[in-house]
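# Results of the structural survey
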Amino acid sequence: MTKQEFLQELKQCLSGEVSPESLMDSYRYYDNYIDDCVRGGKSEEAVVEELGKPNLIARSIIAAQSGERAADIEYTEDGKTKKVKRRENTQKQSGQWEEKEQKIKKEKKPFVFNPFAWYAKVLYVLIFILAIVLVFFLLQGLIWVVVTFAVPILLILGIIYLVMYFSNRPK
């Protein structure tokens, strides 16, 4: 089967079953897909053969458009479909799942800090870094105070001491 035959059969199977936009989207998708594979080195016939029968592809597109789940439909080689009775079981499971979710929401446990968890270790490192930065700034502030106030006061006291020492000295 050639690319054009494949696309024509796909278009024919989808006509009237899906919206015109969906039909054109599917047509363009498979057209581009086949072209890309041919550019990649495969033959047109090999790509079309890998894709399978256009009527099966059309059935899956129609099922997707109508909202049917792929797990609820089984496709056969002759293009016919049959319903698989999994929907009831799925609904029961989804109902059970919803019940479990509601129980989990109701049973919300309060947060308990674990001192050995990864987040605690990150917190310890951040506290340590903060402590080092705080000590650094305190020392820097202390040095600034000493240089700004203590050094001039010590100089003045030294000058006063020298003046008193030399003035009280016997001649």
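The notes below deal with the structure included here. Only a predicted model underlies this, so the values are computations on that prediction, with no experimental measurement involved.

Conventions adopted
Residues numbered from 1 in each chain as written. Predicted model: local features only at pLDDT ≥ 70, side-chain atom pairs only at ≥ 80, totals over all residues. Heavy atoms only, no water. Helix = DSSP H or I, 4+ residues; strand = E, 2+ residues; numbered from the N terminus. Buried < 20%, exposed > 50% of the residue type's maximum accessible area, 1.4 Å probe, protein only. Contact = heavy atoms within 4.5 Å. Areas by Shrake-Rupley, 256 points an atom, 1.4 Å probe, with all protein chains shown as cover. Core = buried A, V, L, I, M, F, W, Y, C linked by side-chain atoms within 4.5 Å. Salt bridge = Lys/Arg side-chain N within 4 Å of Asp/Glu carboxyl O.

### Considering the overall build of the protein chain
A count of helical and extended segments in the protein chain gives six helices and two strands. Element order for the protein chain, N to C, with α for helix and β for strand: α-α-α-α-β-β-α-α. Residues counted as buried form 16% of the 171 residues belonging to the protein chain. Sequence-distant contacts in the protein chain: of pairs separated by 6 or more residues, those separated by 24 or more amount to 41%. Of the roughly 14200 Å² of accessible surface on the protein chain, 63% is carried by carbon and sulfur atoms.

### Let's talk about the nonpolar core
Grouped together as the largest cluster of nonpolar side chains are 14 residues, with contacts concentrated most on Phe6, Leu10, Leu14, Tyr30, Ile57 and Ile61. Contributing elements (two or more residues each) for this core: α1 (3–14), α2 (20–39), α3 (44–51) and α4 (54–66). In contact with Tyr30, other than residues within four places in its own chain, are Phe6, Leu7, Leu10, Leu51, Ile57 and Ile61.

### Comments concerning the pattern of salt bridges
One pass over the full model with this rule turns up five salt bridges. With a closest N to O distance of 2.5 Å, Lys3 and Asp35 form a salt bridge. With Lys3 in helix α1 and Asp35 in helix α2, this residue pair connects regions lying 32 residues apart in the sequence. Across the pair Arg39 and Asp36 runs a salt bridge, and its minimum N-O distance is 3.0 Å. Pair noted here: Arg39 and Asp36 are both in helix α2, with a separation of three residues, about one helical turn. Overall, Arg39 belongs to the exposed group, its relative accessible area being 65%. Overall, the relative accessible area of 45% leaves Asp36 in the partly exposed class. A single network of salt bridges, built from pairs that share partners, joins Lys3, Asp31 and Asp35.

Remember, this is a structural readout, not a statement about activity or role.
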